[in-house]
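# Observations on the three-dimensional arrangement
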Amino acid sequence: MVFTKKIRFACLVLATIFLCSCTGQSASTLENTDTTVQKGEEILETLKLNIESFKADKDKYTAKLAFDRDFSGQVTVLLKSEANSQEDKKDISAKGGESFEITASAPQFCNGDFSLIVSAEGTDMQDSASVKFKNGLPQLSVDSVKLVADEMTLQEKASLFVAMGAERNMAATTYVVERLGLPTIHMADGPAGLRIDTPTVGYPSGTNLANTWDGELVKKITSYMGDDCKSYGVDVLLSPGLNIQKNILGGRNFEYFSEDPYLTGMMAASYTSGLQSTGVGACLKHYAANNQESNRGSYSAQVTERALREIYLKAFDYAVDISSPYTVMTSYNRIAGTYTSTMKDLICDILKDEFAFDGFVMSDWGAGGGKDEMIHAGNDMYCGSPDVAKDVEAVVDMVRSRKIKMEDLDRCCENILSVIAKTNAMTQRRPEYEVQNKEEKLQAVRSVGAESMVLLKNDTQTLPLSNDNKEIALFGNASYVTEHCGYGAGYVVVDHVVHVKEGLENASFTINPKIAALYDGCKRHPHVLTQEANPINDEFEIVLDERTVKRSASESDYAIFTISRMTMEGADHADCKGDFSLNDRERNAIKIISDAFHAEGKKFIVLINTGNPIEVKSWADMADAIVYIGLSGEQIGNSTADILTGAVNPSGKLACTWPITYGDTACSEYFPGNSEISTYYDDIYVGYRYYTTFDIDTAYEFGYGLSYTQFEYSDFQVSENSGKYTLSVKVTNIGSVSGRETAQFYVSKPDGKNEHPVIELVGYAKTPILNAGEDAVVSVNVTEKELMTYFTADSKWIVEKGEYTFSVGASVEDIKSSTKITINEEIQVRDVENACTPVNDFEIITKDNPKSTISGENLALNKTVYVSGEEAGYLAEYAVDGSYHTRWSALGTTENFYWITVDLGKITDIDRVVIRWESNTEGEFSVMTSNDNVTWKRAKMCKYEAINNIQLDTSARYVKIMNKATGFFSIYSIEIF
Ligand code: BGC
C-alpha cells in the first residue's frame, strides 16, 4: 500500500473568501466548503476559489482570482452595498493555481462600504467567496486574510509578530489594526482551567484527565473551560500540555498526560476538540522534547531522531491530525544544540508540512533564539517580550537590512490573522467577567475528578467504606489542605477547594475531633521546591505520638492518611525523602496508624495527592487500601469521598508507570543532566516500554487500576480490511456492582531492521457503566500510523514485514488475550526525506546494551575534599554531599590548573569514578590518584561529558580531578565506587 501524501492547502484556505462578515454569519458555517473527503486510498478536495487581490480605483475594479484545481465555467463578481449592487460575469477556463483577472467599471463602489461576492458555477465543483470593504479597505474575516495582510504596513506586521502583555494575569494579547477590522485576541494559561487573577473553575489536571481514559469526558470538561474563556474574553487557552512524562520526577508532569505517545495524542486531541467547539483556540505546548524543568531555558535534548519522532513528536502528530489546533507553542529547551523556536526542520518540515498544521506557531515566553532565526524557522509569533517596542523596532530593522525576508514576516502575519479570524474576538462579544453555570461545572469537576482517581490497592474489600454513622480518624496535613492543582503557569485560582475533610463530612462521615484538632493551623506546602534547603521536607507534616493515635483507633471506625506533594513549573522533583520517598514523619505516621488500627481490627486507607508517582512499595503493606487521587480539581474532597463510599466505582487507570525505586527508571542516571545537555539515554524505551522490555518489576504498571467489581474479557477478535485492523473484545461485568472498564489494545512488533519495545499501546476503549452481569463489545481501529517505525538512515516511516501480535489487556502487564497476524511485505508509509538535526551517535539503551546501573556504596560520600578554589556559595563539600542539586564551582584560568581532591581516608580499592558536572571548557581532564597527597599518578585522561563514568582498576587514598582551561567548572557530584 502506498501512502498518499496529504496535500496542504493552507495558503489557499487562508486566501479563500466567503460571505461572512457583512452578514454576521459565523465563520464555522464555512467548514463544509473546506472539507477533505477521504475515499479509500485517494484524497479528494472540493474546489476552492481564491481571491488573490482586489483593487478598486476611482471608477473601476480589478479582481485577481484563482481556483485550486482546473475550472471551466462562469465566474460571477457581485459588488453589493446597502444602496447598490452590480454583477459582472465572465466565462473562464483556468488551470488549478493559475490566476486570472476580472476587471469592470464600478463607479459607485470604490470608496464606500461594500461587499465583494465571487461565485463560480459550471461543474459539480463550485464555490463562492466574499469579503467586506470599509472605506475601500478589506475587513478581516476568515476569508480576507491575504487581502488584509497586503494592506498592513511593515510596522504593523512586526507589531503583530511581537505579542504584547495582558491584564488580569492573562499571558498575552495581540496588536490591533482598527482600519482593517483586526481585533486583539487574549491568550491565557491552562491546562486545568482558565488561569487569570480571579477565581474561575479548577478542573482536573492533565494527568488526572488521562487517567480517565475517556476522551468524551475530556471533551466535556474542555468545552466548559472554553465557556469560561468566553466569559472572560479569552480567545486562546494556552493548553493542552502534551509533553511526554519522560521521567517520573518531571515538575510539570501534572500538566501533561502520559508517558505514552498514543494516549497523550488522543487525550490532547479530545482536549483540543472540546475546547475549540466553543470557538476558543487551543495551543499544543511545548513543542518539543520539553521533558524537564531543570535548566529548562538552556538544556539541549541529546536525543536520537528515531526517539524524537516515535516518542516525543508522535502525540503532536495525532493531535494536529485529529483536532486541528489553532496554535502550537515551541519550547524553551534546545534540541541538539538549537533552540526549538529556531528549528526550521522541526517547525516547517515536520509540524507544518508533514503533520499539516495550519495555525500559527508561537514561542514560549521569552524563549531563547534570535527573532530573525525564529521567523526564518517558521515560528510566527514571539511571546513574553520584556520590551515590546524595542523588539518591534528590531524586527522592522531586520526586515530593512534583509536579515528577515519580507515574505517570511508576511507568512507570520497571515498565519496569525487566519487564527484571529476564527476566534470569538471577531464577534461583538460582551464578556460577563464571571463564570457561567458554575454549579453545573463544579458537578462535572466532581464526577470527572472521581473518574480520574485510581484505586491502587484494596485488600479484603476495605473499600467502599460504609458511611453509616461512621467516624474517621483523619491524618495528614493534606487531608485538611488538599492540593487541587500544581503551581506555575498551570495554577488555576479558585474560590474554594473542597479539601478531603470537607468531602468526607459532606458524605456524612464524622471526623474524629481530637485528631482534627492536631491539624489546626497546619501549614500548606511551600509553593517553591525546597529540597536544597530542606531535603527532608518534614515541617509540613506534624509529628504524631503513639498514644494519641492508639486512642483514636479505639474511638474511630477507620483511619485515613493523605500524602501530598507540591509540584510546579520551574523545578523538578528529587529522589529524596519528602519528595519521591516519604519523609520521616510520614513514614512514622503510617507505621503507628497502621499498627494502632490493625490492633483494633480496623482499616487504614492512604490517599496520594500528588502530580507524580511516589515510592510506595516500602510502606504499601501497612495500608489496607491506597487511592491515587492526584490533582483532580477544586472538588477533590467530594470526588475522593465518592470513591471511598462507592458512590462512584473507581475506573481510573494509570497513564504512567509507578516504579519501585527511582533507580529502576531507565534514565535515572542521566536526569536532569546539566544546564547544557540532557542525554536521552533511554531512547525509545520510555516508561512501560522500558520496564516491559527489560523485565523490571514495578510498583504499579501502566494502565493499572482496580475496581469494586471484576471484569471478564472474551471473544477477542482481529479483522483486517485494506491494511487497517479492527480489534474488538467483549467485556463482561462478573462482579456484583456496576462499573466501567478500559480495555487496552497493544501490539508487539517484530524486531526487524529496527528493534522494538516488547509491547506498545495502539488503542483503548472504555465501556459504558455495566451493571452486574452486563457486557459490552468495545473495539478500536489500528492503522499504519500505530504500526510504523522510523528509519533514521533513510528518513522513512515504514511498517516492517513479519509477525505482529495484537493483545488486549486490563493493563500492560495484565494481558487477557493475543492474536498473531503476519504482514508479508514491508510498507513504506511516509518518505519524509527531511532528516532533522537530532544526534544519533551517543550511547543509548538497546536490547543488546541494557542499562548499566551505577551501584554499590559511594565511597566519596561526605569525605573530606580539597579544592583549587571556590566560587561564592558553591562550596567544595557540595561535590560529595550525595545531592545532584548542589554543586562545587570554580573558575579556571589557562595559567593555573583547577582541581578537586577527595580524601577517602585510607587506601581503598577503586573500580569506578562517576562525575556529574558542567563546564564551558572543552577538552580533556585528568583523573589522578595518590596514596600520600604528594606523589601523583595519572590514572586516566578523559574527555569531558555531562556524566563521566570512568572505569579504574586501582587502589589509592586520594583521587584528584584536574584540568587547565579558562572558564567555569562545576561538579554536582563525584562518586567513587
Ligand atoms: C510557560 C508556558 C506558559 C507561558 C505563559 C511559560 O513560562 O512555559 O507554558 O504558557 O509561560 O504564561
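Contacts to the ligand come from 13 residues, most closely from Asp189, Arg252, His286, Asp364 and Glu569. Note that an oxygen atom of the ligand is positioned 2.4 Å from one of the side-chain N or O atoms of Asp189. Between the ligand and the protein, one listed contact pairs an oxygen atom with a side-chain N or O atom of His286 at 2.7 Å. Protein chains bury 90% of the 310 Å² of accessible surface belonging to the ligand in isolation. Class assignment of the residues belonging to the shell around the ligand gives a composition of six nonpolar, one polar and six charged.

Bringing helix H11 (residues 388-400) into the picture now. The end-to-end C-alpha separation of H11 is 18 Å, in line with the 18 Å expected for 13 residues at 1.5 Å each. For H11, the full list of buried residues reads Asp391, Val392, Val395, Val396, Met398 and Val399. With its buried residues spanning 165° around the axis, H11 presents them on a single face. Residues of H11 that are exposed and angled more than 90 degrees away from the buried face: Ala389, Lys390 and Arg400.

Packing of helix H3 (residues 154-161) against H11 brings their axes to within 9 Å, and their N-to-C directions diverge by 125°. Classified by the angle their axes make, H3 and H11 are oblique. Seen along the crossing, H3 lies across H11 with a hand that is right-handed. Together, Leu154, Gln155, Ala158, Ser159 and Phe161 of H3 and Val392, Glu393, Val395, Val396, Val399 and Arg400 of H11 make up the contact between the two elements. Grouping the constituent residues of the contact of H3 with H11 by class yields seven nonpolar, two polar and two charged.

It is worth spelling out the sheet that holds strand E5 (residues 71-80) at this point. Strand order in the open sheet formed by five strands is E6-E5-E8-E9-E10, with antiparallel pairing between adjacent strands. Of all strands in the sheet, those with a lone pairing partner are strand E6 (85-94) and strand E10 (137-138), marking the two edges. Bridge count between E5 and strand E8 (residues 114-121): seven bridges; the pairing is antiparallel. Paired with Val77 across the strands is Val118, a residue of E8.

Evaluation of the coordinates by the stated rule reveals 10 cavities of 30 Å³ or more. Put simply, the largest cavity is a space of about 150 Å³. Lining the largest cavity we find 15 residues, and of these Glu310, Lys314, Arg689, Glu760 and Glu786 sit closest to its centre. A per-element tally of the lining of the largest cavity places strand E32 (residues 760-766) first, with three residues.

What follows covers the sheet that holds strand E11 (residues 172-173). Taking strand neighbours across the sheet as the criterion, the six strands line up as E11-E12-E13-E14-E16-E19 in an open arrangement whose pairing is mixed. Either end of the sheet is taken by a strand with one partner, and the two such strands are E11 and strand E19 (360-362). Relative to strand E13 (residues 236-238), strand E12 (residues 186-189) runs parallel, the two being bridged by three bridges. Note on E13: the bridge partner recorded for Asp189 is Leu238.

The next thing to look at is the packing of aromatic side chains. In total, this model carries 31 aromatic pairs according to the counting rule given. For the ring pair Tyr670 and Tyr681, a centre distance of 4.5 Å and an interplane angle of 25° mean the geometry is stacked. Placement of Tyr670 in the loop between strand E26 (658-659) and strand E27 (677-679) and of Tyr681 in the loop between E27 and helix H20 (688-693) is noted, with a sequence separation of 11 residues between them. A relative accessible area of 2% places Tyr681 in the buried class. Note on Tyr725 and Phe806: the rings are 5.3 Å apart at their centroids and 50° apart in plane angle, and the pair reads as tilted.

Here we take up the packing of helix H6 (residues 261-276) against helix H8 (residues 314-323). Helix packing for two helices is described by the angle between their axes and how far apart those axes are. Between H6 and H8, the shortest axis-to-axis distance is 8 Å and the interhelical angle comes to 35°. Once H6 is placed against H8, the crossing between them reads as right-handed. Where H6 abuts H8, its residues Pro261, Tyr262, Thr264, Gly265, Met266, Ala268, Ala269, Thr272, Ser273 and Gln276 lie against Lys314, Ala315, Tyr318, Ala319, Ile322 and Ser323. A per-class count over the contact of H6 with H8 returns nine nonpolar, six polar and one charged.

Here we take up the pattern of salt bridges. Summed over all chains, the structure comprises 49 salt bridges. Of the charged contacts in the structure, one is a salt bridge between Lys591 and Asp595, with a shortest N-O distance of 2.5 Å. Highlighted residues: Lys591 and Asp595, both in helix H18 (residues 584-599), separated by four residues, approximately one helical turn. Look at the salt bridges and you will find they share partners, linking Glu305, Arg309, Asp317, Asp321, Glu354, Lys785 and Arg830 into a network.

Here the focus is the environment of Leu194. By the secondary structure assignment, Leu194 is in the loop between E12 and helix H4 (206-212). Measuring from C-alpha to C-alpha, the distance between Leu194 and Asp794 comes to 44 Å, with 600 residues separating the pair along the chain. With near-sequence residues (within four places) excluded, Leu194 lies in contact with Ala188, Asp189, Thr200, Val201, Asp228, Cys229, Tyr232, Val234, Leu237 and Val492.

This part takes up helix H19 (residues 636-645). Across the 10 residues of H19, 10 count as buried, placing the element largely inside the fold. Along H19, the residues that are buried comprise Ile636, Gly637, Asn638, Ser639, Thr640, Ala641, Asp642, Ile643, Leu644 and Thr645. Of the surrounding secondary structure, the elements contacted by the buried residues of H19 are helix H13 (438-451), helix H15 (500-506), strand E23 (558-564), strand E24 (603-609) and strand E25 (625-628). The positive-phi residue at the C-terminal boundary of H19 is Gly646, with phi of around 85°.

It is worth spelling out the nonpolar core at this point. Grouped together as the largest cluster of nonpolar side chains are 87 residues, with contacts concentrated most on Tyr287, Leu308, Tyr312 and Leu761. Tallying contributions element by element places H6 first for this core, with seven residues. Ignoring any residue separated from it by four or fewer positions in sequence, one finds Tyr312 in contact with Ile244, Lys246, Asn291, Val303, Ala307, Tyr680, Asp683 and Val686. Counting residues in each nonpolar core, the second largest holds 74 residues, with Val500, Leu582, Tyr628 and Tyr704 among its members.

With that out of the way, let us pick up the confidence of the model for the chain. For the chain, per-residue confidence averages 90 on the pLDDT scale, and 92% of positions sit at 70 or higher. Contacts for the low-pLDDT stretch residues 527-537, under 50 throughout, to residues beyond four places or in other chains number 30 contacts.

Procedures and definitions
- Residues numbered from 1 in each chain as written.
- Predicted model: local features only at pLDDT ≥ 70, side-chain atom pairs only at ≥ 80, totals over all residues.
- Heavy atoms only, no water.
- Near = heavy atom within 4 Å.
- Polar contact = N/O pair within 3.5 Å; in protein donor to acceptor, adjacent residues only side chain to side chain.
- Areas by Shrake-Rupley, 256 points an atom, 1.4 Å probe, with all protein chains shown as cover.
- Nonpolar A, V, L, I, M, F, W, Y, C, P; charged D, E, K, R; others polar.
- Helix = DSSP H or I, 4+ residues; strand = E, 2+ residues; numbered from the N terminus.
- Expected span 1.5 Å × (residues − 1).
- Buried < 20%, exposed > 50% of the residue type's maximum accessible area, 1.4 Å probe, protein only.
- Arc of directions from axis to C-beta.
- Axes fitted to C-alpha atoms, helices over the stretch in contact; angles between N-to-C directions.
- Parallel < 35°, antiparallel > 145°, perpendicular 65-115°, else oblique.
- Left-handed = near helix turned anticlockwise from the far one by under 90°.
- Contact = heavy atoms within 4.5 Å.
- Pairing = 2+ DSSP bridges.
- 1 Å grid on protein atoms, 1.4 Å probe; cavity = no way out; pocket = protein on both sides within 12 Å on 5 of 7 lines; lining within 4 Å.
- Points joined across faces, edges and corners; volume = space filled by probe spheres on them.
- Phe/Tyr/Trp six-rings, centres within 6.5 Å; stacked < 30°, edge-to-face > 60°.
- Salt bridge = Lys/Arg side-chain N within 4 Å of Asp/Glu carboxyl O.
- Core = buried A, V, L, I, M, F, W, Y, C linked by side-chain atoms within 4.5 Å.
- pLDDT = per-residue confidence, 0-100.

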